[in-house]
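# Structure at a glance
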Amino acid sequence: MRHLARERHRTNQPLTAISCVPSGKDRTGFAIAALLAAVGVSREAILDDYVRTSEAYIHNPPPREHLQTLLRRNGLDTLPQRVIDKLCLAPRGAMNAAFDYLEATFGSVDGFLTQAVGVTLEEREALRQILVAPEQHQQ
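Residues numbered from 1 in each chain as written. Predicted model: local features only at pLDDT ≥ 70, side-chain atom pairs only at ≥ 80, totals over all residues. Heavy atoms only, no water.

## What to know about the pattern of salt bridges
By the definition in use, this model includes 6 salt bridges. Its salt-bridge partner being R92, residue E44 comes within 2.6 Å of it at the nearest N-O pair. Of this pair, E44 sits in helix α3 (residues 43-59) while R92 sits in helix α6 (residues 92-106), and the two are 48 residues apart along the sequence. On the accessibility criterion, E44 (48% relative accessible area) is partly exposed. Owing to a relative accessible area of 30%, R92 belongs among the partly exposed residues under this scheme. (Salt bridge = Lys/Arg side-chain N within 4 Å of Asp/Glu carboxyl O. Helix = DSSP H or I, 4+ residues; strand = E, 2+ residues; numbered from the N terminus. Buried < 20%, exposed > 50% of the residue type's maximum accessible area, 1.4 Å probe, protein only.)

## So, the packing of α6 against helix α7 (residues 109-117)
Remark: α6 packs on α7, axes separated minimally by 8 Å, with the N-to-C direction vectors making an angle of 65°. In this view, α6 runs roughly perpendicular relative to α7, as classed from their interaxial angle. Note on packing geometry: the crossing formed by α6 with α7 is left-handed. Residues F99, L102, E103 and F106 of α6 pack against V109, G111, F112, Q115 and A116 of α7. (Axes fitted to C-alpha atoms, helices over the stretch in contact; angles between N-to-C directions. Parallel < 35°, antiparallel > 145°, perpendicular 65-115°, else oblique. Left-handed = near helix turned anticlockwise from the far one by under 90°. Contact = heavy atoms within 4.5 Å.)

## Concerning the nonpolar core
Here is a general trend for soluble globular proteins: nonpolar side chains tend to be buried in one another's company. Membership of the largest hydrophobic core comes to 15 residues, with the highest contact counts inside it found for A33, A37, I46, M95, F99, V109 and L113. When contributions to this core are tallied by element, the ones reaching two or more residues are α2 (27-38), α3, α6 and α7. Top element by residues in this core is α2. It accounts for 4 residues. Sequence-distant contacts of F99, defined by excluding residues within four places in its chain, comprise A33, A37, R43, I46, L47 and V109. In this structure, L67, L71, I84 and C88 belong to the second largest nonpolar core, which totals 5 residues. (Core = buried A, V, L, I, M, F, W, Y, C linked by side-chain atoms within 4.5 Å.)

## Here we look at the packing of aromatic side chains
Taken as a whole and judged by the stated rule, the model has 2 aromatic pairs. Aromatic side chains F30 and F112 sit 5.8 Å apart centroid to centroid with 70° between the ring planes, which places their arrangement in the edge-to-face category. Of this pair, F30 sits in helix α2 while F112 sits in helix α7, placing them 82 residues apart in sequence. Grouped by ring-pair contacts, the aromatic residues F30, F106 and F112 constitute a single cluster. (Phe/Tyr/Trp six-rings, centres within 6.5 Å; stacked < 30°, edge-to-face > 60°.)

The structure is reproduced here in structure tokens:
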């Protein structure tokens, strides 16, 4: 987050960031949720977006062989498919609990971003300029 904000400020040019991971629901899902919160996206919209990972998996699960390397690396290659299916889902309650934790611990997601991550208000505004469509900036 901080890198994107600083680079945008330094170059004053549009930036693109891509996150490409096997399922994108755990650490990456949380990082994207925090990024969305940092630029003012509502909690409900973030949760709706997070759940799309499950919807995508349910409607178009990757073949097991696509997950096999990851499973083998983590000693999980003998798991039954039904367990793998559960591990690949992104339940709304999981991300909601993460937000609840941040609010209980830091007072808010903004508090977490400031205190734990060190993202300043100026950096958040730079991120907003990068990630939010111009017509949304006035809202």
